[in-house]
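What follows is the residue order along each chain.
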Amino acid sequence: MTFSIRVSGDAEAAVAAHLPTLIGDYVASRITNLDPSLWGPEAEDEASKRLGWVQAVSVSRPLVPEIVALREELAAKGVDRFVLAGMGGSSLAPEVITQTAGVELTILDSTAPGQVLAALDGGLERTALVVSSKSGSTVETDSQRRAFEAAFRDLGIDPAERIIVVTDPGSPLDESARAAGYRVFNADPTVGGRYSALTAFGLVPSGLAGADIAELLDEAEASLLEVAIDAPENPALVLGAAIAGTLTPDGSARRDKLGLITDGTHIVGLPDWIEQLIAESTGKEGTGILPVVLLPVSPELESNPADLQIVRLVDDADEVEHRHPGEILVSGTLGAQLVVWEYATAIAGRMLGINPFDQPDVESAKVAARGLLDARPEPVAPAFVEAGVEVRVSDPALAESGTIQGVLDALWATLPADGYVSIQAYVNRLEVPQLQGLREMVAADSGRPTTFGWGPRFLHSTGQYHKGGPAQGVFLQITERTETDVEIPGRPFTFGQLIEAQAAGDATVLAEHGRPVVTLTLADPQADVLALFEAAQ
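All values reported here derive from a predicted model rather than from experimental measurement.

So, how was this worked out
- Residues numbered from 1 in each chain as written.
- Predicted model: local features only at pLDDT ≥ 70, side-chain atom pairs only at ≥ 80, totals over all residues.
- Heavy atoms only, no water.
- Helix = DSSP H or I, 4+ residues; strand = E, 2+ residues; numbered from the N terminus.
- Buried < 20%, exposed > 50% of the residue type's maximum accessible area, 1.4 Å probe, protein only.
- Areas by Shrake-Rupley, 256 points an atom, 1.4 Å probe, with all protein chains shown as cover.
- Lys, Arg positive; Asp, Glu negative; His and termini not counted.
- Charge placed at Lys NZ, Arg CZ, Asp CG, Glu CD.
- 1 Å grid on protein atoms, 1.4 Å probe; cavity = no way out; pocket = protein on both sides within 12 Å on 5 of 7 lines; lining within 4 Å.
- Points joined across faces, edges and corners; volume = space filled by probe spheres on them.
- Nonpolar A, V, L, I, M, F, W, Y, C, P; charged D, E, K, R; others polar.
- Pairing = 2+ DSSP bridges.
- Right-handed = clockwise from strand over helix to strand, strands pointing away.

K.L.:
Kindly report on the overall build of the protein, identifying the contributing residues and their values.
P.N.:
Tallying secondary structure elements over the protein gives 21 helices and 16 strands in all. In terms of its C-alpha atoms, the protein occupies a principal-axis envelope of roughly 60 × 60 × 40 Å. Within the protein, buried positions represent 60% of all 537 residues. For the protein, the exposed surface amounts to about 19,300 Å²; the carbon and sulfur share of it is 51%. Within the protein, one finds 36 positive and 76 negative side-chain charges whose respective centroids are separated by 4 Å.

K.L.:
Tell me what's going on with empty space enclosed by the protein, and back it up with residues and numbers.
P.N.:
Applying the stated criterion across every chain yields a total of one cavity of 30 Å³ or more. Space inside the largest cavity adds up to approximately 30 Å³. As for the largest cavity, its lining consists of Trp53, Val54, Ala56, Val57, Leu198, Leu224, Val339, Glu342 and Tyr343. Those elements that place two or more of their residues in the lining of the largest cavity are helix 4 (56-60) and helix 15 (334-352). If one sorts the elements of the lining of the largest cavity by residue count, helix 15 sits on top with three residues. Per-class residue counts for the lining of the largest cavity are eight nonpolar, no polar and one charged.

K.L.:
Go over the pairing of strand 2 (residues 81-85), please, and point to the residues and values.
P.N.:
Counting buried residues in strand 2 gives five out of five residues, a clear majority hidden from the surface. The pairing of strand 2 with strand 4 (residues 127-132) spans five bridges and is parallel. By the bridge assignment for strand 4, Arg81 is matched with Thr127. As judged from the three bridges shared by strand 2 and strand 3 (residues 106-108), these two strands associate in the parallel manner. Considered in strand 3, the bridge of Leu84 is made with Ile107. For the handedness criterion, the β-α-β arrangement of strand 2, helix 6 (residues 89-101) and strand 3 is classed as right-handed.

K.L.:
Summarise unusual backbone geometry; cite the residues concerned and give the values.
P.N.:
Trans peptide bonds make up the majority, and among non-glycine residues the majority have a negative phi. Geometrically, the link from Gly455 to Pro456 is a cis peptide bond, its omega value of 0° lying close to zero. Along the chain, the position of Pro456 falls in the loop between strand 14 (450-454) and helix 19 (462-468). Here the phi dihedral of Tyr26 falls at roughly 55°; this positive angle occurs in a residue that is not glycine. The backbone of Glu285 shows a phi angle near 55°, a positive value even though the residue is not glycine. Turning to its location among the elements, Glu285 is positioned in the loop between helix 13 (270-282) and strand 8 (290-294).

The quantities given are spatial measurements derived from coordinates; they are silent on function.
The structure is reproduced here in structure tokens:
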């Protein structure tokens, strides 16, 4: 078995309740046969164009020798450092593949000026840039490409020798990249970004960085028969039924939050990839499954919220004891994990009655950010400033206390009984990685499941859930003031202005959806993080 799953308690009951229907409806074999009618008539047109991921292993095989040959060609020229400019699934899949393989790939999925500068300053004379975008219109990757082109030229390096593009055939980026003489790898246009791990988007940057992508495809291929059969032993059917059908202990509601824990497995970073896959696929039409990336000692495991289903990623699900009532134990090779979770997410979409292949609410934040970049309004004055931290709120009532601690308490007080907290950090995470530790403190202080996302990366993944999913969330934005900035060649705005507009634009859209938002701006991120930690405690 390339993948193993064990369920217990309420999750086991959910599988028993839903598995016969999934088998009787031939859901697994219909996905394998690319049947777009599985998700209803309204989704059929979109689904008919988005099922290419099912055949990704065979379609991607011919890419392997091309990628390996390019890696060797670049190595002969002294190029051994690779930077990936990509967002959402285009960066999260290569991140888990390369981290698990133990090879170095610099992921640039941020517009924070300090992070862009760090990628540019890492040794350009031995660097190649992979630009991953289905269309090329993604503002982050377009801006990053422009910055690298200029930096290469400043060093007398022809960008055509150092920039590799992954995009859909016939896209604007495909045409402009070929005209510029860049090496282009075309991905399957019938695969959406979050399902693209085993396409050129996942394989090109990972293979160039040194990961064994042939082995990854072998692992994935070994699981294809398991997920294709309409039988009780199909792990994707079991997983889909468990994550979309498990009820709260009193049976009154569905557990709509999914705690993901990595516990002793060799696979690094898989929960972050699963998070964007499930959140963006299911968070729409007022429903969805909210993934929450946890540690083995996170507060949620002690408070045990009734609406939180635990999935523990382990080395061997058949040998590990259940540590939490009703948890799901999962193990398998990385290639198998990618395949099974993609199938399970599509199955969950059918069970929830939604289209798992569209993202109707992602564009709203982009539109708002573009509007702010065009208009350049004066920044909104903070409600107050404490310890160097500027505090802004979507509702003046949240700031009545005049203290950060009081604002956070007021924000938690708006949480519904089934609510969640979303922390969104639009900062240079290379400088303040410890900020992610705020998640544990907020989860303990608020008493509710808490997610953490680096901005603007999360806008291309969980951002869909925040607007399209249930109206349960309250939002804590963290932004930074920094003297560091980087020009974007050919654009009338800088990276600093871009990330500021992205944060402000998303806050505006969240507020328009009736979601409470608190924005804390750090004048000195290194020092002011301490103030946040103290307030959260």
